[in-house]
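Next come the chains, spelled out residue by residue.
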Protein chains: 2
Amino acid sequence: MGTVMNPNDPGLRSFVDVAADSHFPIQNLPFGVFSMEAEPRPRVGVAIGEWVLDLAVLEREGLLTAGDSPVFDGRSLNRFMTRGREVWRRVRADVSGLLRHDNPRLRDDRALRERALVPVAGVRLHLPVEIGGYTDFYSSREHATNVGSMFRDPANALLPNWLHLPVGYNGRASSVVVSGTPIRRPNGQTKPPGAELPAFGPSRKLDFELETAFIIGEGNPLGEPIPVGDAERHIFGMVLMNDWSARDIQQWEYVPLGPFNAKSFGTSISPWVVTLDALEPFRVAGPAQEPEPLPYLRHGGGAAALDIRLEVGLRPAGGDGVTVVCRTNFRHLYWSMAQQLAHHTVSGCDTQAGDLMGSGTISGHEADSFGSLLELTWNGRDPLVLAGGARRTFLEDGDEVIMTGWCQGIGYRVGFGEVAGRVLPTLEVG
Amino acid sequence: MGTVMNPNDPGLRSFVDVAADSHFPIQNLPFGVFSMEAEPRPRVGVAIGEWVLDLAVLEREGLLTAGDSPVFDGRSLNRFMTRGREVWRRVRADVSGLLRHDNPRLRDDRALRERALVPVAGVRLHLPVEIGGYTDFYSSREHATNVGSMFRDPANALLPNWLHLPVGYNGRASSVVVSGTPIRRPNGQTKPPGAELPAFGPSRKLDFELETAFIIGEGNPLGEPIPVGDAERHIFGMVLMNDWSARDIQQWEYVPLGPFNAKSFGTSISPWVVTLDALEPFRVAGPAQEPEPLPYLRHGGGAAALDIRLEVGLRPAGGDGVTVVCRTNFRHLYWSMAQQLAHHTVSGCDTQAGDLMGSGTISGHEADSFGSLLELTWNGRDPLVLAGGARRTFLEDGDEVIMTGWCQGIGYRVGFGEVAGRVLPTLEVG
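Remember, predicted model here, so these are calculated numbers, not experimental data.

(A) How the structure looks around the UniProt feature "active site" (unreviewed entry) in chain A. Residues and elements named next belong to chain A. With numbering matched to this structure, UniProt assigns "active site" (unreviewed entry) to His143. Mapped onto the elements of the fold, His143 is located in helix 6 (residues 141-151). Residue classification places His143 among the buried residues on the basis of a relative accessible area of 3%. Excluding residues that lie within four positions of it along the chain, His143 makes contacts with Tyr138, Glu209, Thr361, Ser363, Ser372 and Glu375.

(B) Representation of the side chain of A:Asn103. Residue and element names in this part refer to chain A. Mapped onto the elements, Asn103 comes out in the loop between helix 3 (85-99) and helix 4 (104-107). Taking the relative accessible area as the measure of exposure, Asn103 reaches 5% and is therefore buried. Among the polar contacts listed, one links the side chain of Asn103 to the backbone oxygen of Gly97, at a separation of 2.9 Å.

(C) Structural view of helix 9 (residues 337-345) of chain A. All names here are of chain A. With respect to burial, helix 9 is a largely interior element, nine of its nine residues being buried. Met337, Ala338, Gln339, Gln340, Leu341, Ala342, His343, His344 and Thr345 are the residues of helix 9 that are buried. Taken together, the buried residues of helix 9 touch strand 6 (134-137), strand 13 (210-216), strand 14 (235-242), helix 8 (276-279), strand 19 (305-306) and strand 22 (356-358).

(D) Inspection of the layout of surface pockets at higher detail. All names here are of chain B. Approximately 560 Å³ is the volume attributed to the second largest pocket. Lining the second largest pocket are 19 residues; nearest its centre among them are Thr190, Lys191, Pro192, Pro193 and Asp248. Where the lining of the second largest pocket is concerned, the elements lending two or more residues are strand 10 (187-190), strand 11 (199-202) and helix 7 (247-253). Top contributing element to the lining of the second largest pocket by residue count: strand 11, with four residues. Class assignment of the residues belonging to the lining of the second largest pocket gives a composition of nine nonpolar, six polar and four charged.

(E) Inspection of the pattern of salt bridges at higher detail. All names here are of chain A. Within the structure shown, the criterion is met by 56 salt bridges over all chains. With its nearest N and O atoms 3.7 Å apart, the salt bridge here joins Asp109 to Arg105. Taking the shortest distance from any N to any O, the salt bridge between Glu232 and Arg283 comes out at 2.3 Å. You can see Glu232 sitting in the loop between strand 13 and strand 14 and its partner Arg283 sitting in strand 18 (residues 283-284), a full 51 residues away along the chain. Residue Arg283 is classed as partly exposed on the basis of its relative accessible area, which comes to 27%. Three or more residues are tied together by salt bridges with common partners; here these are Asp207, Glu209, Asp243, Arg247 and Lys263.

What counts and how
- Residues numbered from 1 in each chain as written.
- Chains lettered and ligands numbered in written order.
- Predicted model: local features only at pLDDT ≥ 70, side-chain atom pairs only at ≥ 80, totals over all residues.
- Heavy atoms only, no water.
- UniProt positions renumbered as here; feature names shortened; annotations may be inferred.
- Helix = DSSP H or I, 4+ residues; strand = E, 2+ residues; numbered from the N terminus.
- Buried < 20%, exposed > 50% of the residue type's maximum accessible area, 1.4 Å probe, protein only.
- Contact = heavy atoms within 4.5 Å.
- Polar contact = N/O pair within 3.5 Å; in protein donor to acceptor, adjacent residues only side chain to side chain.
- 1 Å grid on protein atoms, 1.4 Å probe; cavity = no way out; pocket = protein on both sides within 12 Å on 5 of 7 lines; lining within 4 Å.
- Points joined across faces, edges and corners; volume = space filled by probe spheres on them.
- Nonpolar A, V, L, I, M, F, W, Y, C, P; charged D, E, K, R; others polar.
- Salt bridge = Lys/Arg side-chain N within 4 Å of Asp/Glu carboxyl O.

If you want it as structure tokens, here you go:
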């Protein structure tokens, strides 16, 4: 085995073949939970190229440890995450070492390798964490401006608090599902413009929202806020998220307490949690913040944003082609994850391992960088024309939405894979 | 042992002495979780008068069973609740039978009785359930009208959707605490009227909200709504709840996504879960609903409200007297629990055992029946004068809020005990 290297070093190579455009080279090593038909008990794994490394096997064999007791033979990352950042870092470094091209330990032990490395094509990926609390922020200035322009007043699109605090709300944790889970179109109350009374039925304005989300690894106790400078230490990693939204239900229900049924029918996340450590090389400065935030939201300097390229693909029902309908970047977000978490806890609110915190829809400046159909079609006014000729204002039954995201290194990518979901028709309510 | 009787029969008596004004006669039998200094592992108990019946002991001794495997030797009611309503009912009937004055089984087995019946004065009461999701509704017409009058427009105090659907939002589950837990005054952003910029500091408008909450016993899978006529079958029981609120933080943050930090610093619930079965004799008709709700919210007839008397007491810092500042009744709520749950799940949203669903602040018509200081002092305009002469607009450090509630039978009460909490000063943020 060679010398210990920074697991983010672009020069690292694995004995596992990894394509140049793979999201999962040795520089990434995201954590997830998987099972196989032959071994249906979910356990923790790491993605490497087209393979999954079974950490429960390595832990049993004594090649990997995360402390006094086993943490990887279980149905979520929560136990592992509560061990704290030093352990996350050491485990990632140890996994990196075991996968290096010049380390014979796993590479040359064929029996072990065949048990520990399984093709991703043969596994089922599960929700990677048990989510106690799900919070969604609203931190894209472009998105908030677009929505405010459409539903309120283009001249005063941003509400007065928006530039002073990262607006957020509590979402419904129980209905967060892993990529690939179909999403059933919700029934609900809506009141179309001009109608005298509300009506009940399937949503006619079903939409996606392109988001990322971070996952708390180490929480804070009730009454002990997390200072902005410490916030990243509490974040284990990030996923892609599709915050499916029923716009017609939302518009009728949301005053004065915020979205409820319009978002509670399903929220999809990608299966692999990319650690904040793996994203470190892709730090960039975020947007300038003017007016300057209050002291509890001020970063101590440094680059608080990340250069993550994001895309949304839409495969219309009956078609076999995917049209990319949005290209944007995480770096556009006005409020950083550290600011979001500092604000979330400044009241004394506690957080726990597994809490999921969404960015809010990520839109850029250009019309093809908007992160929702609401914005891309300007509330249905300007239909999208997809490859093959299909037109869409909002989602139709059978449509599939596929979001992806990655950081581009020189010759490699640190990526998230994808979060995908297909729309099922509403069930009749008896 | 006598014949099997309806556990709600007013004629039932226990061999345990119970005062006439006790909240916990044999007709109640609420479930909670407790521990003792000598046996610090939390387990499930039932309140009877001034005693706690240890169900884990009875289960071990074979006097009580809730199915194939033990459920009472654990730190929450969740395992028991997932067994379903038939089991809840049978266990309550069995406990009732064991506590009857004419059943010698427990009464005359002194050794067992001393292990199974412990004085409540010597136990610590814990949060009774593990709360996956916490939802808060806004179902008091009087409260919504008061708030709308103060903050928006007295002529159009109710927003257009309010009479058509039970407005609700997702709260923060992690900071729900059991009665007796002190509540720390939160820091946060506020923008006083007339100020040019927001400021940071301790909330100056800390308030209580008098609520009840119901607890889901048997959930529903994602995509399978609960019809209004089936809703009560999913509800295990009810507690009292104080939804502590920082009004100045709330007013600045709540547009457009609802309350967030203004409520996330702590929500208190009473320790004993009163089963819906025990409340059955106190059913009454709720308010007339005009306009008639959409079909998915229509009850099949029958009395959907409950006659639960509610009071809020305030013990000012430094004083030793409690002044009752609010007297109201759960029966005033416009939307029933069944309607709330049917609406919550009509989108397909799933629920799970332990989910907590608050009523929203319960206010009556009269000025002394309002369930918050915001309403009682009309946003600080009309201070309350307490016994002893102390004046209050909002809560001061050291103040204690004590809420109680009970149903009055003839010669007995089926009650909730209390939910109490004292305000601690804000901690300095480093």
